[in-house]
Amino acid sequence: MPAAVENLIIEVAQRLRVDPRLAVELARAESGFSQSSIGQAGEVGVFQLMPSTAQFLGVNPYDLEQNIEGGIRYLQLQLNRFRDTAQALAAYNWGPESLAAAVAKWGSDWWGHIPSSTQRHVSTILNSVAQWSVNTDPITAVVQAVQQSQPWQKDLLIALSLLLGLWLLVSD
């Protein structure tokens, strides 16, 4: 079952143009891919959506596909708002308004002023995402980066890939 859930997360993340590695590792950290997981504060499912968040997103958190869709859309909202992966993950875990207040008050020192549980949560996810890169060959990594990038970024990544390829040819 976890493999099927992971594949669905990857599919939805790619469709929504969110890094699938980030979405997978967030779901792993939130629930271990368990749709039956209910948190102490009432969070539901794979992405541990609060009922109020699910309602805001227009999804049923008890439905696996809707929970995944909602969780990735909510992550996408945080990524778009904060423009920083660590901040987006902290906002997902601690709440976007709490994080925004910490960033407004503490600026670049925001990390030292968020709950230690959120720090551990964000660090776990980012370290897990980094492991994906370690286990991926460079060509696959470039292809994945191009597939997950914005249109203007694709041109840049393709150009950099061509330059890297030329450099590799010349250096041999």
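Here is a short report on the structure shown in this document. Worth saying up front: this structure is predicted, and the values here are computed from it rather than measured.

## With respect to the environment of A86
Part 1: Here A86 lies in helix α5 (residues 85-94).
Part 2: Along the backbone, A86 and L126 are 40 residues apart, and their C-alpha atoms lie at a distance of 7.6 Å.
Part 3: Beyond its immediate sequence surroundings of up to four residues, A86 is in contact with W110, V122 and L126.

## Examining the packing of helix α2 (residues 20-31) against α5
Helix-helix packing: each pair is described by the crossing angle between the helix axes and the interaxial distance.
Part 1: Look at α2 against α5: their axes get within 12 Å of each other, and the N-to-C directions meet at 35°. For α2 against α5, the interelement crossing comes out right-handed. Of the residues in α5, those touching α2 at L22, L26 and E30 are T85, L89, Y92 and N93.
Part 2: Counted by class, the contact of α2 with α5 contains 4 nonpolar, 2 polar and 1 charged residues.

## Observations regarding the packing of aromatic side chains
Part 1: Taken as a whole, this structure holds 2 aromatic pairs when the rule is applied.
Part 2: A ring pair is formed by W110 and W111, whose centres lie 5.5 Å apart and whose planes are at 85°; its orientation type is edge-to-face.
Part 3: By relative accessible area, W110 is classed as buried at 8%.

## Looking at unusual backbone geometry
Part 1: Residues other than glycine seldom take positive phi values, yet F33 does so here, at roughly 70°.
Part 2: Locating F33 in the fold gives a position in the loop between α2 and α3 (51-57).
Part 3: If you check the backbone angles, Q48 has positive phi at about 50° while not being a glycine.
Part 4: Relative to the elements of secondary structure, Q48 occurs in the loop between α2 and α3.

## Points about the layout of surface pockets
Part 1: In this model, the second largest pocket occupies a volume close to 290 Å³.
Part 2: Along the walls of the second largest pocket sit 15 residues, with E30, E43, Q48, Y92 and N93 positioned nearest its centre.
Part 3: Counting residues per element, the lining of the second largest pocket draws most heavily on α5, at 4 residues.
Part 4: For the lining of the second largest pocket, a count of residues per class yields 8 nonpolar, 5 polar and 2 charged.

## Details of helix α4 (residues 64-82)
Part 1: Between its first and last C-alpha, α4 extends 27 Å over 19 residues, near the 27 Å set by a 1.5 Å rise per residue.
Part 2: Listed as buried for α4 are N67, I68, E69, G70, G71, I72, Y74, L75, Q78, L79 and F82.
Part 3: Tucked into the core, α4 has its buried residues touching α1 (2-16), α2, α3, α5 and α6 (96-106).
Part 4: The opening residue of α4, the one whose side-chain oxygen lies 3.2 Å from the backbone nitrogen of E65, is D63.
Part 5: Where α4 terminates, the next one or two residues include R83, which has phi positive at roughly 55°.

Basis of the calculations
Residues numbered from 1 in each chain as written. Predicted model: local features only at pLDDT ≥ 70, side-chain atom pairs only at ≥ 80, totals over all residues. Heavy atoms only, no water. Helix = DSSP H or I, 4+ residues; strand = E, 2+ residues; numbered from the N terminus. Contact = heavy atoms within 4.5 Å. Axes fitted to C-alpha atoms, helices over the stretch in contact; angles between N-to-C directions. Left-handed = near helix turned anticlockwise from the far one by under 90°. Nonpolar A, V, L, I, M, F, W, Y, C, P; charged D, E, K, R; others polar. Phe/Tyr/Trp six-rings, centres within 6.5 Å; stacked < 30°, edge-to-face > 60°. Buried < 20%, exposed > 50% of the residue type's maximum accessible area, 1.4 Å probe, protein only. 1 Å grid on protein atoms, 1.4 Å probe; cavity = no way out; pocket = protein on both sides within 12 Å on 5 of 7 lines; lining within 4 Å. Points joined across faces, edges and corners; volume = space filled by probe spheres on them. Expected span 1.5 Å × (residues − 1). Polar contact = N/O pair within 3.5 Å; in protein donor to acceptor, adjacent residues only side chain to side chain.

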